[in-house]
Amino acid sequence: MSSPQIVAITNAHVVPIDGEPFDGTVVVEDGRISALGASATVPDGAVVVDAAGKWLLPGFVDAHVHLGTHEEGEGVAGDDTNEMTDPNTAGVRAIDAINPFDPGFDDALAGGVTTVNVNPGSGNPIGGLAVALHTHGRYLEEMVLRSPSGLKSALGENPKRVYGAKGKTPSTRLGTALVIREAFMKAQNYMGKADENARDPHMEALAMVLRREIPWRQHAHRADDIATAIRIADEFGYDLVLDHGTEAHLLGDVLAERGTPVLIGPLFTTKSKVELRGRSIANPGKLARAGVEISIITDHPVIPINFLVHQATLAIKEGLDRETALRSITINPAKVLGLADRLGSLAVGKDADLVLWSGDPLDVMQRALQVWIGGTEVYSYDTETHSATVAPRV
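The following refers to the structure shown. Numbering of residues starts from 1 in each chain and follows the order in which that chain's sequence is written. Two thresholds apply to this predicted model, a pLDDT of at least 70 for residue-level local features and 80 or more for giving and counting side-chain atom pairs, whereas whole-chain, interface and lining totals are computed over all residues. Only hydrogens and water are set aside when side-chain values are computed; all heavy atoms of the structure are taken into account.

1. Regarding the side chain of Asp360
Only runs of H or I of at least four residues qualify as helices and only runs of E of at least two qualify as strands under DSSP, and these elements are numbered from the N terminus. Position of Asp360 relative to the elements: it lies in the loop between strand 14 (354–357) and strand 15 (368–373). Polar contacts here mean pairs of N or O atoms no more than 3.5 Å apart (in protein, one a potential hydrogen donor and the other a potential acceptor; neighbouring residues in sequence count only if both atoms are side-chain atoms). A distance of 2.9 Å separates polar atoms of two side chains, one belonging to Asp360 and the other to Arg322. We call two residues in contact whenever any of their non-hydrogen atoms come within 4.5 Å of each other. Apart from residues no more than four positions distant in its own chain, Asp360 is found in contact with Trp55, Arg322 and Gln366.

Structure below.
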């Protein structure tokens, strides 16, 4: 299934995300888009893929998953999401627990998802370092796009439940905020001491946030927890990204004015705990209308990753505009991950992470037929046999 050096996908309905859709050609050379347009020329010697009017889009981006760390059907043996032995585990790295052979990676391809951001879990006030990677490969170092891509933190019910049950701080919301503040103060002190013989992985991770090299990925559902996230971010001056944001629409004007992005979701779950009582598929539309830049997430395996696009579709049904829905699973999450110069839209020079759909991907009856990552075909679906083929990972 490997692609040759030059591929021309012709007669496609191309949706570049940044720019108007057109019927035409996309040319791929050396893993990148070299030309696209209604009159793009097919180079001599190129292998031609006739799309026959099918839809060609950039690969989707899911900016909050636990793919490979909370493995499908593995139970305790495959669950490495949370290191819940200390409230501050800033130095742990999700990359050290990812199994690239988790079946969820194949599901991602079937759903047109070519890039993910794998986060540690939300059991700790400070959970660890995230990583952004492609969804096909056998060796993580060859899949990684950015490492680390952020530092995970959690407010709300989860950390106080975990440590309250152990009789440790935090057992309350104010205790959780204290743990985070203390950690940043220690990191500031650490940064002021140039002692190379006293390295600390937790302090070095926090220092990356304080130097604004990576964003602070803040798990928060309730509006009061979101306000706490803003308060602490202002105290320490780091770049804040809100993950989940169930009640973020209640502070939509505040978030829009600050330019704080919200990764909203998962949207296909029940209101299983108190802080989720405000969950609604209408919330993405409310945030977007307030001027907040949103990305839709699955939190896989909470929602199967191949349902990412379906969440966007039903958000449209509940008031989200179509253009924003597509941006919320392409260029917007790419921006959050610091990868918008490489992926999330179709443009000359960008990575050839492409998905050919049978039709409009926002129509639940359509499916991904071919997927390319870096110009290499990694997935195909045969509509006659109703079977999928994934390129070997070995």
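Here the narrative resumes, following the displayed structure.
2. So, the environment of Leu56
Looking at the element boundaries, Leu56 is found in strand 5 (residues 55–58). What makes Leu56 buried here is its relative accessible area of 0%. For the pair Leu56 and Pro304, spaced 248 residues apart in sequence, the C-alpha to C-alpha distance is 23 Å. Apart from the residues within four sequence positions on either side, Leu56 is in contact with Ile9, Ala12, His13, Val14, Val15, Val26, Leu346, Leu354, Val355, Leu356 and Trp372. With a 1.4 Å probe rolled over the protein chains alone, any residue whose accessible area is under 20% of its type maximum counts as buried; one over 50% counts as exposed, and the rest are partly exposed.

3. As for unusual backbone geometry
The omega angle of the peptide bond from Ser147 to Pro148 is -5 degrees, so this bond is cis rather than trans. Structurally, the position occupied by Pro148 is in strand 9 (residues 144–154). Of the consecutive residues Thr169 and Pro170, the connecting peptide bond is found in the cis state with omega at 10 degrees. Its place among the elements puts Pro170 in the loop between helix 3 (157–164) and helix 4 (173–191). Phi at Ile17 takes a positive value of approximately 80 degrees, unusual for a residue other than glycine.

4. Notes on the packing of aromatic side chains
Here is the rule: rings of Phe, Tyr and Trp (six-membered ring for Trp) pair when centre to centre is within 6.5 Å. Planes less than 30 degrees apart are stacked, more than 60 are edge-to-face, and the remainder are tilted. The final tally for this structure, using the stated rule, is 5 aromatic pairs. Ring geometry for Phe184 versus Tyr238: centroids 5.0 Å apart, planes at 25 degrees, classification stacked. With Phe184 in helix 4 and Tyr238 in the loop between helix 6 (223–236) and strand 11 (240–244), this pair connects stretches of sequence that are 54 residues apart. Overall, the relative accessible area of 0% leaves Phe184 in the buried class.

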